[in-house]
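# Structural description and commentary
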Amino acid sequence: MNKRKKLIVVGNGMAGVRCIEEIVKLAPERYEIIVFGAEPRPNYNRILLSKVLEGQHAFQDIVLNDWSWYDQHGIRLHAGETVSFIHTQSRYIETVSGMKESYDALIVASGSTPFIPPISGTDKAGVLTFRTVDDCVKMKELSNTSSKAAVIGGGLLGLEAARGLLNLNLEVDVIHNAPYIMNRQLDAMSARMLQKQLEEQGMRFHLSRETTRITGRAKVKGLRFSDGATLDADMVVMAVGIRPNIELAMRSGIYTRRAIVVDDYMRTNVPDVYAVGECAEHRGISYGLVAPLYEQGKVLARVLCGMDTPPYTGSIPYSQLKVSGVDVFSVGEIGGENIDTAMQSYNMIEGTYKKVTMRHGIVAGAILFGDPSEGPSLLGLVKRAAPVSELIREETGGMTAAEAAADALPEHETVCSCNGISKGVIMQAILSDGLETVAEVKASTKASGSCGGCAPAVAALVKLAKAGGQRSQQSRPNPADRTPARAVCRCTDMSHAALRQAIDEAMLQAPASISGLMEALGFVNRAGCGICRPAVRYYAELAAADSVGNPGTVQSVGASDSAPEDTSYRGVHIRTGDPAERTEADVERGMRWIEEQLMRDWANLSLPYPVTAGIAESTHGAVSVLVQGIGIAASPAGWEVYLGGHAQHPVREAQLVGLAEEAGEAVRLASACLQWYRQKSRFGEPLWQWVDREGIVPIREHVLDACLQQELADKLIGNSKRYDANLASGHRYEAKVLG
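A quick note: this is a predicted structure, and the numbers were derived from the prediction, not measured.

About the criteria used
- Residues numbered from 1 in each chain as written.
- Predicted model: local features only at pLDDT ≥ 70, side-chain atom pairs only at ≥ 80, totals over all residues.
- Heavy atoms only, no water.
- Helix = DSSP H or I, 4+ residues; strand = E, 2+ residues; numbered from the N terminus.
- Buried < 20%, exposed > 50% of the residue type's maximum accessible area, 1.4 Å probe, protein only.
- Contact = heavy atoms within 4.5 Å.
- Areas by Shrake-Rupley, 256 points an atom, 1.4 Å probe, with all protein chains shown as cover.
- Arc of directions from axis to C-beta.
- Lys, Arg positive; Asp, Glu negative; His and termini not counted.
- Salt bridge = Lys/Arg side-chain N within 4 Å of Asp/Glu carboxyl O.
- Polar contact = N/O pair within 3.5 Å; in protein donor to acceptor, adjacent residues only side chain to side chain.
- Pairing = 2+ DSSP bridges.
- Right-handed = clockwise from strand over helix to strand, strands pointing away.
- Axes fitted to C-alpha atoms, helices over the stretch in contact; angles between N-to-C directions.
- pLDDT = per-residue confidence, 0-100.
- Phe/Tyr/Trp six-rings, centres within 6.5 Å; stacked < 30°, edge-to-face > 60°.
- Parallel < 35°, antiparallel > 145°, perpendicular 65-115°, else oblique.
- Left-handed = near helix turned anticlockwise from the far one by under 90°.

Counting its regular elements, the protein contains 21 helices and 38 strands. Counting over 739 residues, the protein shows a buried share of 54%. Here the analysis covers contacts within the protein between residues at least 6 apart in sequence; of these, 63% occur between residues at least 24 apart. Summed over all atoms, the accessible surface of the protein reaches about 31600 Å², with 49% contributed by carbon and sulfur.

Shown next, in the form of structure tokens:
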């Protein structure tokens, strides 16, 4: 076996370790991984530090990966070791303590440091920052001899620090240089609502104030402002913002601007050196929120594993604040040039506020105060630049706002943006595993496991599932479905569904060529184009196969009716591991037999979109079946069949369809899944998108029915044989209709 390459990760924070998690999942044997972390601790959730400061959580409660996780995956963690230099020419690193370690690839995930503004007196005893567990410990210790604390910064971080200090029984003043708090994420209305509630909890605010000096000799005594006013304080917490930690990169000759400059694949200017997280600058932006950092980590993991991946093109940042029962959500553009208000509502009794902004009729941003349950839905609208017409909601039928928002959310929409978990994945876990609490869902799927902002939406999904929910996909249409279906292309005003139905009906009539079919269906361009022509051909072939027993509806014609721009998807790309790496003879024989059957039956099938399939000795085998469209993995009980994974960004994990005791049953089940996809999907729709749209539960119920499963598998094999025979004679199947 080839010797594993050595991967060094500089930084043991959330971004770097998430990248490692993805690498371990995709290619566990590819790298020997060594992590250097400046803090003497395992990886923990920095977002929840305010809960530690408040006393709601102990440190162990916010640990993401404990010591045993590193041991389990063979990862060497040097906790408390700071890397001082990267010798990029000789390809090794050196630490402050004198350690040296060579590398084949290196990730800089050094994160950020608190920004200290140029205020006189920041070096005095009693001036603290709020960034690490050590900072929380220092604040708690200092609170024993202090009575008044001042927090400089009225943004997200400053308010969370202030809330924690209140819980330490201190008087807390928040100083902010803008007219209202969280001015980057909120408008004046929502900021005033937030300030009022925080004042009721005990905070005091000093807005539009510039701090010029921290007073006192060796120890903090107070603050002085630009207008000459003063404020007494025993402790000052700097929470103005963060600055990318790039000193190591600069010393080592890695190109930096505000942060370490990376391309769309997280590569620096130095070969085999990458950067991810808060220390990275991508397209001029350095992100300080967890969701973008996780997205970067997933792309980089695929790059390091030698897998194809779409580039990282940037993220839509969003913010969520929850302090002592106050919920605030903000995403996208709240104000600015060409930004208008699309929707605004205020409920004084319930203390809720909602504002949605738009630019030229497209959803641009949103603010939610008091009830953040619509956050995932609005985030999805902003991400895909949805028209404001999608904001329209139906009557909720007595459901709470949170339940209505969760119910209306499409299956494929992301609920937990930090971890990329969709509604469909969460609902499937709830229903299949009998989950009953948000904590159980978090343990199963990681949803709500980072910032916790999506917990209300997850709770609503749990409640919906208990009540037999998911009406959004079954009994009640999604609001987006009420908009006119998009035409296939400019050659026709028909949608894919309408086109497919028209072709099915046309199959009952007299024969004609594909061009004749387009003419009969009223296409503006009777020759079609590169978009509609392959779609028509695909739907016609399916209809022809379904009507093969009806004389006169199918005719073998030559390829002369095809056009150069035709794009047809044929044959499933099947991936298997190296047979030399398989240890069990029975598993190897079974995998080889399955591969031969699928190569025979799936080689020339027409498909709506390219499909990959993986066959492996386990879900952790050399071929990751969980990121394939169709995956078959050996297990102690037989063979597991998975559906709907994909390896593109964002990586999506396939879902278990069923278990087969014998290899032949696994082939039949997988073939049934493929045929059901062919029959029910739209041309150009990837398999994973179809799974999200249909829902794994309805698919599973259909293909696990013994009679339907056999029928689907037989039809798929029949289609394959008919195409092979026709191909051998130099012809292809085409639908025929009256001209």
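What follows is about helix H20 (residues 696-703). Residues that lie three or four places apart on an α-helix share one face, since the helix turns once every 3.6 residues. Every buried residue of H20 is accounted for by Ile696, Ile699, Arg700 and Val703. Buried residues of H20 fall within an arc of 100 degrees about the axis and therefore sit on the same side.

Structurally, Glu295 is set in helix H8 (residues 290-304). Within the buried set, Glu295 has no salt-bridge partner at all; the shortest N-O distance to an opposite charge, 4.0 Å, is to Lys383. A distance of 2.7 Å separates polar atoms of two side chains, one belonging to Glu295 and the other to Ser315.

It is worth spelling out the pairing of strand E2 (residues 31-37) at this point. Two faces, one strand: in a regular strand the side chains alternate between the faces of the sheet. The element E2 is largely enclosed, with a buried count of six among its seven residues. Note: strand E1 (residues 5-10) against E2, six bridges, orientation parallel. Looking at E2, one finds that Val10 is bridged to Phe36. Assessed by its sense of winding, the connection that carries the chain from E1 through helix H1 (residues 14-26) to E2 is right-handed. When E2 meets strand E5 (residues 76-79), the two strands line up parallel, connected through four bridges. From the neighbouring strand, Ile34 faces E5, where its bridge partner is Arg76.

Our next topic: the sheet that holds strand E32 (residues 573-576). Within the open sheet, the five strands sit side by side as E32-E34-E35-E36-E37. Their pairing is mixed. Both edges of this open sheet fall to E32 and strand E37 (655-660), since each of them pairs with a single strand only. Here the strands of the sheet are splayed against their neighbours by 20 degrees on average, with no regard to which way each runs. Sheet analysis places strand E36 (residues 638-643) next to E37, joined by five bridges and oriented antiparallel. Residue pairing in the sheet places Val641 in a bridge with Gly658 of E37. Relative to E36, helix H18 (residues 663-680) is tilted by about 10 degrees, and along the sheet it contacts strand E35 (630-635), E36 and E37. H20 rests against E36 and E37 of the sheet, and its axis sits at about 20 degrees to E37.

Let us look at the pattern of salt bridges. Under the counting rule described, the total for this entry stands at 26 salt bridges. One salt bridge connects Glu101 with Arg76, and the closest N-O pair in it is separated by 3.3 Å. With Glu101 in strand E8 (residues 100-102) and Arg76 in strand E5, this residue pair connects regions lying 25 residues apart in the sequence. Where Arg693 meets Glu694, a salt bridge forms, and the shortest distance between an N and an O atom there is 3.7 Å. When its relative accessible area of 28% is taken as the criterion, Arg693 is described as partly exposed. The network of salt bridges with common partners includes Lys6, Glu32, Arg76 and Glu101.

Let us look at the sheet that holds E8. The three strands are arranged E6-E7-E8 in an open sheet whose pairing can be described as antiparallel. The sheet terminates laterally at strand E6 (83-87) and E8, the two strands that pair on one side only. Ignoring which end each strand starts from, the neighbouring axes of this sheet average 20 degrees apart. Sheet analysis places E6 next to strand E7 (residues 92-95), joined by four bridges and oriented antiparallel. Across the sheet, residue Val83 finds its bridge partner in E7, namely Thr95.

Once that is clear, we can look at the confidence of the model for the protein. Per-residue confidence for the protein gives a mean pLDDT of 84, with 85% of residues at or over 70. Here residues 548-567 scores under 50 on pLDDT; set against residues more than four positions off or in separate chains, the count is 44 contacts. Here residues 723-739 is modelled with pLDDT under 50, and outside its nearest four sequence neighbours on either side it reaches 57 contacts, counting other chains as well.

Tallying each qualifying case throughout the model produces nine aromatic pairs. Considering the side-chain rings of Tyr44 and Phe59, the 5.4 Å spacing of their centres and the 70 degrees angle between planes classify their relative orientation as edge-to-face. Placement of the pair is Tyr44 in strand E3 (residues 43-44) and Phe59 in the loop between helix H2 (49-54) and strand E4 (63-65), with a sequence separation of 15 residues. Residue class for Phe59 comes out partly exposed when judged on its relative accessible area of 23%. Between Tyr538 and Phe683, the aromatic rings sit 5.7 Å apart at their centres with planes inclined by 45 degrees, giving tilted as the arrangement. Residue Tyr538 is located in helix H16 (residues 532-546), and its partner Phe683 is located in the loop between H18 and helix H19 (687-694); the two are separated by 145 residues in the primary sequence. Exposure remark for Tyr538: the relative accessible area of 3% places this residue in the buried category. Connected via pairs of aromatic rings, a cluster forms that spans Tyr538, Tyr539, Tyr569, Tyr609 and Phe683.

Attention now moves to unusual backbone geometry. The general pattern is negative phi for most residues beyond glycine and trans for most peptide bonds. Positioned with a positive phi, Asn338 is a non-glycine residue whose angle comes to about 65 degrees. Here Asn338 is to be found in the loop between strand E24 (326-332) and strand E25 (340-347).

With that settled, the discussion passes to H19. Of all the residues in H19, the buried ones are Leu687, Trp688, Trp690, Val691 and Asp692. Looking at the buried side of H19, the elements it contacts are E35, E36, E37, H18 and H20. Of the residues flanking the end of H19, it is Gly695, one or two places downstream, whose phi is positive at about 95 degrees.

Next up on the list: the packing of H1 against H8. Two elements in contact, H1 and H8, have axes whose closest approach is 8 Å; the angle formed by their N-to-C orientations is 40 degrees. The orientation of H1 relative to H8 falls into the category oblique. Helix-helix and strand crossings are classified by hand; for H1 and H8 the assignment is right-handed. Between H1, through Met14, Ala15, Arg18, Cys19, Glu22, Ile23 and Leu26, and H8, the contact on the second element is made entirely by Val290, Leu293, Tyr294, Gly297, Lys298, Leu300, Ala301, Arg302 and Leu304.

Bringing the packing of H18 against H19 into the picture now. Helix packing geometry: the angle between the two helix axes and the distance between the axes. The contact between H18 and H19 brings their axes to 11 Å, and the two run at 80 degrees. Taken together, the axis directions place H18 and H19 in an arrangement best described as roughly perpendicular. Across from Cys673, Trp676, Tyr677 and Lys680 in H18, the residues of H19 making contact are Leu687, Trp690 and Arg693.

Following the sequence through the fold, Arg204 ends up in strand E14 (residues 204-206). Sequence spacing of Arg204 and Ala162 is 42 residues, and the spatial spacing of their C-alpha atoms is 9.8 Å. The residues touching Arg204, leaving out its near neighbours within four places in the chain, are Glu171, Val172, Asp173 and Val174. A distance of 3.1 Å separates the side chain of Arg204 from the side chain of Glu171, its partner in a polar contact.

All right, on to the pairing of E25 then. As defined by bridge partners, E25 adjoins strand E26 (residues 352-359) across seven bridges and the pair is classed as antiparallel. The partner of Gln344 across the bridge, within E26, is Lys355. From the end of E25 to the start of E26, which pair antiparallel, there are four residues, and Gly351 there has a positive phi angle of about 70 degrees.

This part covers the environment of Asp493. Assignment of secondary structure puts Asp493 in the loop between helix H13 (455-466) and helix H14 (496-506). Assessed through its relative accessible area of 69%, Asp493 is described here as exposed. On a C-alpha basis, the gap between Asp493 and Phe523 in space is 8.2 Å, while along the polypeptide they are 30 residues apart.

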